[in-house]
Amino acid sequence: MTPADTGASTVVDAASAASAVPDASDSRMTPGGPGYRRMSLALFLAGVATFALLYSTQALLPLISGDFGVTASDASWTVAAATGGLAVFVLPMSALSERFGRRTVMTASLAVAVTVGLLVPFAPSLPALVALRAVQGAALAGLPASATAYLAEEVRPRALVTAIGLFVAGNSVGGMSGRVITGWVAQEWGWRVAVGVIGLVAVACAVAFRLLLPAPRHFTPGSLRPRVLVRTVRDHLADPLLRRLYAIGALFMTVFGGVYTVIGYRLAEAPFSLPQGLIGSIFLVYLVGTVSASTAGRLVGRLGRRGALYLGAGTTAAGLLLSLAPSLPLVLLGLVLITAGFFAGHAVASSAVGKTAQHGRAQASALYQSAYYVGSSAGSTVGAVAFHSGGWAGTVAVGVLAVLGVVAITVSGSLAARRRSGSTPLKTPSLSR
C-alpha cells in the first residue's frame, strides 16, 4: 500500500522498523554522525532568518497603522505581501534548486532577502513598504522548499522528521525573536529602526548559515525544462495524500497567520492596553512552538501521523476558544496552545511531504510551502477583516473554521484508506515508500 492509500496517518510496522536499523552503506547524515550538528545549526539559523524577516512587521502593525494613517486591514498587507510573494515564487525557486543545487539557491535567496531587509526601514509610504515586502518574500521563497529537499536527500529517513522539526523550530525562534526584538526597539525608537535591527540579525544568520552548511553529497541535478516541471507538479497534485497534506498546511497557517496578525491590535486596546514592548514580548510563546516542532518525530511515533494531526488541531482549537476570555493570563494560555498545536501539525505535515515524494522532492515541498503561505496570506487578510468587523471573536471564528477543515480532511483520508484496505483497524506502512 502506498502512502496515497494511507489517508493521513502512519503506524510503524515491520517496514518502518527495518528502515530504523542503521545501514552501514548509507552515507547520509544521522544524529551523532559527521556533519549532522553543523547541518542542524545551519538550517536552524536559516529558519531563524526566514521567519524573522518574513514577519518582521507583524508585531509592529499598530505603529505602522499610526505612522501611515491606515486601518488594520491595510497595514496587514505588509505581512500578506511577503507571504504572498513567497507563495508565488516558491515553485519556480524550487525548480532552480533542482538544477543548481539546494545550498546554492538557499544562499542566494538569503543574500537577496537580507539586502532588501536593510532597505525596508527607508520605505517612504505604505505602497512602497508593501512592494519591498513582496520582493523580500519572493526572495525568501528559495529557503523552505530547498531546505526540506536538502534534508530529504542528505539525512537518513529515520531521522527526517526530527531534522525537519529542528528547521521548523528555527522558524519559531525566528518568528519569536523578530517580534520580541521589534516590539522593544520600536517602543523606544520606532518601527523603522526595529525592522532595521532585524535586517542586521538576518545578515549574521545568513553568513553563519553559509559557513556551516555541509556541501550536498546526494544531490543529482535535474532539468529546468518547463515540460518536466509541469509533469512533476502534475504528478504531485495527482497524489491524494499530498493534496491532503497541502490543504492541511494551508489551513493550519490560516489560523496562525490570522491570530498573530491581529493579536497586537487586541492587546493594544482595552481592557488590556499594553505598551508596544510588552505586546512584542507576547511572542515569547513561540518557544512553545520550538519544543512542539522539535518533538514532532516522537509524537508521530506514539500516535501515528493521523493521531498527531488530531492532537495538533484539537490543541489549536482549544487555544482559540480560551483566547476569547477577557483575562490576560487566559489569553496568553490560549496563545500557548495555538502555537503548540500549529507548530506540531506543521512539522508533521511538512515532513510527511518529504517522505511521500519519490521524485521532484523540491517541487513537492514547494507546493506544500506555496499552500502554506497562501494560508498565511489569507489568514492575515481575512483575520484582519474579521477583526475590523467583529472584533477578536470574528478572528477566532475564522480560525475555528480552518481547524474544522483540518479535522475534516484528516477524517476523509482515514475513511478513504479504510475503504481501500477493506479492514476496520487501519494499519499502514511507514511514511516512506
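Data block above holds the structure.
Residues numbered from 1 in each chain as written. Predicted model: local features only at pLDDT ≥ 70, side-chain atom pairs only at ≥ 80, totals over all residues. Heavy atoms only, no water.

Regarding the overall build of the protein
Now for step 1: The helix and strand tally for the protein stands at 17 helices and 0 strands.
Now for step 2: Counting every position in the protein, which comprises 433 residues, the buried fraction comes to 59%.
Now for step 3: Counted over contacts in the protein with a minimum sequence separation of 6, partners at least 24 positions apart contribute 85%.
Now for step 4: As displayed, the protein offers around 15700 Å² of accessible surface, 68% of which is attributable to carbon and sulfur atoms. (Helix = DSSP H or I, 4+ residues; strand = E, 2+ residues; numbered from the N terminus. Buried < 20%, exposed > 50% of the residue type's maximum accessible area, 1.4 Å probe, protein only. Contact = heavy atoms within 4.5 Å. Areas by Shrake-Rupley, 256 points an atom, 1.4 Å probe, with all protein chains shown as cover.)

Description of the environment of Gly 101
Now for step 1: You can see Gly 101 is positioned in the loop between α5 (77-100) and α6 (102-119).
Now for step 2: According to the relative accessible area criterion, Gly 101 is buried, its value standing at 6%.
Now for step 3: The spatial distance from the C-alpha of Gly 101 to the C-alpha of Phe 219 is 7.0 Å, given a sequence separation of 118 residues.
Now for step 4: In contact with Gly 101, not counting residues within four places along its chain, are Leu 96 and Phe 219.

Some points on empty space enclosed by the protein
Now for step 1: Applying the stated criterion across every chain yields a total of 2 cavities of 30 Å³ or more.
Now for step 2: Each pocket or cavity is described by its volume, and for the largest cavity that value is around 70 Å³.
Now for step 3: Forming the walls of the largest cavity are Pro 144, Thr 148, Ile 164, Phe 167, Val 168, Asn 171, His 346, Ser 350, Gln 369, Tyr 372 and Tyr 373.
Now for step 4: Listing elements by their share of the lining of the largest cavity, those giving two or more residues are α8 (144-154), α9 (160-189), α16 (328-356) and α17 (361-421).
Now for step 5: Of the voids in this model, the second largest cavity is the one considered here, and its volume is about 30 Å³.
Now for step 6: Leu 53, Ser 56, Gly 117, Val 120, Gln 136, Val 195, Ile 198 and Gly 199 together form the lining of the second largest cavity.
Now for step 7: No other element matches the 3 residues that helix α10 (residues 191-212) contributes to the lining of the second largest cavity.
Now for step 8: Residue composition of the lining of the second largest cavity, by class: 4 nonpolar, 4 polar and no charged. (1 Å grid on protein atoms, 1.4 Å probe; cavity = no way out; pocket = protein on both sides within 12 Å on 5 of 7 lines; lining within 4 Å. Points joined across faces, edges and corners; volume = space filled by probe spheres on them. Nonpolar A, V, L, I, M, F, W, Y, C, P; charged D, E, K, R; others polar.)

Quick word on a positive patch on the surface
Now for step 1: A surface patch of positive charge is lined by Arg 225, Arg 227, Arg 231 and Arg 234.
Now for step 2: With respect to the helices and strands, Arg 227 occurs in helix α11 (residues 226-237). (Patch = residues over 30% accessible without salt bridge, like charges linked within 9 Å, V, L, I, M, F, W, Y side chains within 5 Å. Salt bridge = Lys/Arg side-chain N within 4 Å of Asp/Glu carboxyl O. Lys, Arg positive; Asp, Glu negative; His and termini not counted. Charge placed at Lys NZ, Arg CZ, Asp CG, Glu CD.)

Regarding the side chain of Arg 103
Now for step 1: Mapping Arg 103 onto the fold places it in helix α6.
Now for step 2: Glu 154 is the oppositely charged side chain nearest to the buried, salt-bridge-free Arg 103, at an N-O distance of 9.6 Å.
Now for step 3: The contacts of Arg 103, once residues within four sequence positions are left out, are Arg 210, Leu 213, Pro 214, Ala 215 and Pro 216.

Details of unusual backbone geometry
Now for step 1: For the bond running from Ala 270 to Pro 271, omega is 10°, close enough to zero to count as cis.
Now for step 2: The topology assignment puts Pro 271 in the loop between α12 (240-268) and α13 (276-281).
Now for step 3: Even without a glycine there, the phi angle at Ser 273 is positive, about 50°.
Now for step 4: In this structure, Ser 273 sits in the loop between α12 and α13.

Side note on the pattern of salt bridges
Now for step 1: Under the criterion given, the structure shown has 2 salt bridges.
Now for step 2: In this structure, Asp 67 engages Arg 192 in a salt bridge whose closest nitrogen and oxygen atoms are separated by 3.7 Å. Separated by 125 residues along the polypeptide, Asp 67 in helix α3 (residues 61-68) and Arg 192 in helix α10 bring together distant segments of the chain.
Now for step 3: Residue classification places Asp 67 among the partly exposed positions, given a relative accessible area of 41%.
Now for step 4: Arg 102 is the salt-bridge partner of Glu 153, the closest N and O atoms lying 2.3 Å from each other. With Glu 153 in helix α8 and Arg 102 in helix α6, this residue pair connects regions lying 51 residues apart in the sequence. One exposure class covers both Glu 153 and Arg 102, and it is buried.

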